[in-house]
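Okay, here's what each chain looks like letter by letter:
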Amino acid sequence: MNFRVDLSLLEAKPDSSRFALTLHNLGEEHIRNWHLTFSFGRYIDPNSLSHGSMEQVGYLCKYTAQESLPAYGHHYVEFSINCSPLVSTEDTIGEACVLVTQNGNCQAYTAEHTPTDLGLGHLPPQALKLPDAADLCLIPRPYAVARKPGQFALTNLLSISVETEMAQMAAGWLSEELEEHTGTPVPMTSKGQIHFKRHLLTDLKAGAYILNVARDHIDVFADSHEGFVAAVSTLLQLLPAYSSHRAEASYVMPCVTIEDKPRFAYRGMMLDCARHFHPLSRVKRLINQLARYKFNYFQWHLTDDEGWRIEIDAYPELTEIGAWRGPEENIEPQFTELNKRHGGFYSKKEVREVIAFAAKRGITVIPEIDIPGHSRAAIKSLPDLLVEEQDQSRYRSIQNYSDNVLNPGIEGTYTFLRNILDEVCELFPSPYIHIGADEVPQGVWTGSPACQALMEKQGYRDPKELQGHLLRYAEEYLHSKGKRMLGWEEAVHGDKVSKDTVIYSWSSEQAGQDCVESGYDVVMQPGQYTYLDMTQSSAADEAGATWGGVVPLEKSYSYEPLADLPSNSPKRHQILGIQCALWCEFIHTQSRFDYMVYPRLPAIAEVCWSSKEQRDWNDFLPRLAGHLKHLDRQGINYRL
Ligand code: ACM
C-alpha cells in the first residue's frame with residue numbers, strides 16, 4: 001500500500017488558520033477500515049473539521065473518516081488551528097502514517113508528504129560570513145594569553161608526568177585525546193614532557209589554571225580538578241586541527257603562556273533524552289564536547305510525557321512500558337517513527353558510565369526527574385499507583401496532553417516520589433537533583449476529590465499551592481539525603497519551596513530577574529538566547545522551534561544575564577551561572593543534533609566563561625573561523 005498526504009494553507013488570520021488535507025491512495029486496493037495519524041506542531045480544533053473526527057494526543061493527530069478510500073482515489077478534509085500564523089514548516093506535518101485494519105489486524109504504512117507552503121516566500125539561506133582565521137583560535141577566550149616565539153613539536157611528545165593526585169583524571173583525558181590525535185599512546189611517567197603541577201603560590205579558584213607551552217615542555221598549573229580539566233581543554237584547542245598518525249615535523253603547537261579563570265561558577269547544558277532517546281554514544285560525545293568548552297554541569301532530562309529513560313529497580317514498568325512509543329504501545333508515537341515501536345532507556349550501569357566519563361572531564365551530571373507535570377510516561381506505566389479514578393479534572397497542557405500531571409492528593413504520588421528519589425540519589429553523586437516543575441496546566445486537580453480534600457485540610461485557596469505542597473515535600477526529602485533541589489522557574493508557584501532551591505529561569509530574562517528579586521539563587525537559561533532547539537534564521541524551512549523567536553549565533557553570543565542589574569549589586573551573587581538547552585522533539589539524528597548545537601555551543605561557552613570585558617563579537621568571529629577546522633576534524637555538522 002502506498003499513500004501521500006498533501007497539506008495546504010487555505011487562510012491565515014491573526015488568531016486562526018485553516019488548512020486542507022488530502023490523503024491520496026496511490027495503490028490499487030480499496031481501503032475500508034483506515035485512520036490517518038500525523039504529527040502536527042499545533043492543536044487542531046476538533047470542532048473545526050469539515051468531515052470526520054480528530055483526536056489529538058500531544059503532537060499526534062488521529063483522523064477518522066466515515067468513508068472508505070478508493071483505489072487511486074483520495075480523501076479531503078479541512079481543519080483549523082486557533083493561534084497565530086505558522087512561521088515554520090516544522091510546525092506543520094512532520095510524519096504521516098495510515099493505519100489499515102484488515103481481518104482484525106492493524107498495519108501501519110508511512111505516507112509520503114509534501115512540505116506545506118506557508119505563503120512566507122522564499123528567503124535566501126542566511127549564512128554567516130566569516131573573516132580570516134585568527135592566529136590563536138581559543139574558545140572560550142582565555143583571560144590572558146601571551147604568544148611566545150617557537151613551537152612545541154608533538155613528535156617530541158612521549159609521556160605526561162603528574163605531580164598531584166588532583167590532576168590524575170585531567171591528565172588521563174589528555175592522554176586519551178592525544179592518542180586519538182597522534183595515533184600513538186602517550187603514557188604517564190615520572191619524566192614526561194607535559195607536567196601537571198599543583199600551584200601553591202597564588203590562590204587559584206576552581207576552574208582557574210596557568211598553562212605554559214615552551215619549545216621543549218609544557219607546564220600545567222592549577223589548584224583543582226576543574227582547573228586541570230580547563231587547562232587540558234585549552235591544550236586540545238592548541239593542537240593542530242587535523243590528526244597526524246605519522247611523525248610529521250610540522251605537527252606542532254604554538255608556544256604560549258595562558259592565565260585563565262571562569263566568570264561563572266555554573267556553566268551548563270541540558271539535554272532532553274525523553275522526546276527522542278539518544279544513544280549512550282551521543283550523550284558521551286556531547287559531554288566530551290562540553291568539557292572542551294569548559295562547561296562543568298550536564299543536566300540530563302531523563303523523564304517527560306513522551307518517555308521515561310532511566311532504569312528504576314522499584315518500578316520496572318517505567319522502562320518496560322514508559323520508555324517505548326508505538327502504534328501498539330501504551331504510549332502513542334510522537335514526532336517521528338509513527339509506524340513502529342521506538343524508544344529506549346539507560347540502564348544503571350550505563351548511567352554510572354556516563355557519570356564517571358563526565359567526572360573525568362570536570363562535569364557534574366545532574367539528573368532531572370520532571371514532576372508534577374510532564375509525567376505522562378510515568379502515569380501510563382503505573383496507573384494503579386498514580387491515577388485517582390474519581391478525578392474529573394479537565395485540562396490540556398501546552399504540548400496537548402490531558403493526562404500528564406501527578407496528583408498531590410493521593411498517597412501513591414508520594415510513594416512513587418520517595419522510591420524514585422531514593423534510587424536517583426544513590427546513583428548520582430551530584431549534590432543537586434533537578435525536579436522539573438515546569439508547565440503544569442491550568443485546570444488540573446480542580447476535579448480531584450483527593451486534591452480538594454488536601455486543599456481543605458491545609459487551608460489552600462489556589463490549586464497552585466498543591467504544586468508547592470508536593471515540591472516542598474520533594475525538597476525536604478532531598479534535604480534528608482543531603483541533596484539540594486533545583487527546579488524550573490515554576491517551582492516557585494504556590495510559594496512553598498524554600499530559598500535553598502535553585503531556580504532555572506527559562507521563559508524570559510524577566511523570569512530570572514523576578515526570581516533573583518524574590519531571593520532565589522538562579523541559573524539563567526532564557527529560551528530567547530540559550531535554547532539550541534530554536535531556529536537560527538527566519539527562513540520557513542530552517543530547522544527549529546520558533547516560540548522564543550529566531551536565535552542566530554550573534555544573539556546567543558550577545559547574551560548578558562540581567563544586564564540592567566548594576567555590576568556591584570549584591571544580587572549578582574544570586575546568579576550562579578548560565579545554561580543552554582537542547583529540547584529534542586525534532587532532533588533525533590546526529591546531523592540535526594550537530595546543526596542545532598554548533599556553533600552556538602561555543603558562543604555560549606564564551607558567555608559562561610570569559611569576562612564581560614573580553615567578550616567581543618568581532619574578536620570571536622576570526623577565532624571561530626579557525627576553530628571550525630577542529631569541528632571538521634571531528635565530523636561535526638555545524639551550521640554557518
Ligand atoms: C522548559 O523549557 N519547559 C523548561
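What counts, and where the lines are drawn
Position numbers for residues count from 1 along each chain, tracking the sequence in the order it is written. With pLDDT at 70 or above as the cut-off, local features in this predicted model cover only qualifying residues; side-chain atom pairs require 80 or more to be listed or tallied, and sums for whole chains, interfaces and linings still use all residues. Each side-chain value is derived from all of the structure's non-hydrogen atoms; neither hydrogens nor water enter the calculation. To qualify as a helix, a DSSP run of H or I must reach at least 4 residues; to qualify as a strand, a run of E must reach at least 2; elements of each kind are numbered from the N terminus. Each helix should span, by expectation, one fewer than its residue count multiplied by 1.5 Å. When a residue's accessible area, from a 1.4 Å probe over protein chains only, is under 20% of the maximum for its type it is buried; when over 50% it is exposed; and in between it is partly exposed. Residue contacts follow a heavy-atom distance rule, with two residues in contact if any of their heavy atoms lie within 4.5 Å. One speaks of a salt bridge when a side-chain nitrogen belonging to Lys or Arg is within 4 Å of a carboxyl oxygen belonging to Asp or Glu. We call two strands paired when DSSP finds no fewer than two bridges between them. Only the stretch in contact is used when a helix axis is fitted, and all axes are lines through C-alpha atoms; the angle between N-to-C directions ranges over 0 to 180 degrees.

Glancing now at the environment of Ser-281. Looking at the secondary structure, you find Ser-281 in helix H3 (residues 280-292). Sequence separation between Ser-281 and Cys-61 is 220 residues; the distance between their C-alpha atoms is 32 Å.

What follows concerns helix H10 (residues 464-480). Its 17 residues place the ends of H10 25 Å apart at the C-alpha level, agreeing with the 24 Å of an ideal helix rising 1.5 Å per residue. Buried within H10 are the following residues: Glu-465, Leu-466, Gln-467, Gly-468, His-469, Leu-470, Leu-471, Ala-474, Glu-475, Tyr-477 and Leu-478. Among the structural elements, strand S21 (364-371), helix H8 (411-427), strand S22 (432-436), helix H9 (449-458) and strand S23 (484-488) are those in contact with the buried residues of H10. Gly-482, located one to two residues past H10, shows a positive phi value of around 75°.

Applying the stated criterion across every chain, the model contains 37 salt bridges. Here Glu-176 makes a salt bridge to Lys-360, at a shortest N to O gap of 2.5 Å. Of this pair, Glu-176 sits in helix H1 (residues 168-182) while Lys-360 sits in helix H5 (residues 348-360), and the two are 184 residues apart along the sequence. Of the residues examined, Glu-176 reaches a relative accessible area of 38% and is grouped as partly exposed. Measuring nitrogen to oxygen at the nearest pair gives 2.8 Å for the salt bridge that ties Glu-606 to Arg-623. Linking Glu-606 in helix H15 (residues 600-609) with Arg-623 in helix H16 (residues 617-633), this pair joins segments that are 17 residues apart in sequence. Each member of the pair, Glu-606 as well as Arg-623, carries the same accessibility label: buried. Within the structure, one salt-bridge network assembled from shared partners comprises Asp-272, Arg-275, Asp-304, Glu-306 and Glu-585.

The mixed open sheet is built from six strands, whose spatial order is S9-S14-S12-S13-S11-S10. In this open sheet, the two edge strands, each paired with only one partner strand, are strand S9 (144-153) and strand S10 (160-162). Sheet twist, expressed as the average angle between the axes of neighbouring strands with direction ignored, equals 20°. The pairing of S9 with strand S14 (residues 252-260) spans seven bridges and is antiparallel. Paired with Val-145 across the two strands is Ile-258, which belongs to S14. Of the strands in this sheet, S10 and strand S11 (194-198) touch H1, which is tilted by about 175° from S10.

Attention now moves to the sheet that holds S22. Here we have eight strands rolled up into a closed barrel, ordered S15-S16-S21-S22-S23-S24-S25-S26, and parallel in their pairing. Taking each pair of neighbouring strands and ignoring which way they run, the sheet shows an average axis angle of 30°. Against the sheet, H10 touches S21, S22 and S23, its axis set at about 150° to S23.

Another point: the side chain of His-342. In this structure, His-342 sits in strand S20 (residues 342-343). Setting aside its immediate chain neighbours within four residues, His-342 contacts His-276, Ala-323, Trp-324, Arg-325, Thr-336 and Glu-337.

Bringing the pairing of strand S7 (residues 96-102) into the picture now. Counting buried residues in S7 gives five out of seven residues, a clear majority hidden from the surface. Relative to S7, strand S3 (residues 34-39) runs antiparallel, the two being bridged by five bridges. Paired with Leu-36 across the bridge in S7 is Val-98. The sheet contact formed by S7 and strand S8 (residues 105-113) spans seven bridges and is antiparallel. Bridge pairing in S8 links Gln-102 to Asn-105. Where S7 folds back on S8, the antiparallel hairpin that results is connected by two residues, among which Asn-103 adopts a positive phi of roughly 50°.

Turning to unusual backbone geometry, a few remarks are in order. A cis amide bond links Ile-139 to the next residue, Pro-140, at an omega of -5°. On the secondary structure map, Pro-140 appears in the loop between S8 and S9. At the junction of Ile-371 and Pro-372, the peptide bond is cis and its omega measures out at -10° in the coordinates. With a phi close to 55°, Tyr-72 is a non-glycine residue in the positive phi region. With respect to the helices, strands and loops of the structure, Tyr-72 is situated in the loop between strand S5 (60-64) and strand S6 (74-81). Judged by relative accessible area, which is 58%, Tyr-72 ranks as exposed. If you check the backbone angles, Trp-445 has positive phi at about 75° while not being a glycine. Structurally, Trp-445 can be placed in the loop between S22 and H9. A relative accessible area of 2% places Trp-445 in the buried class.

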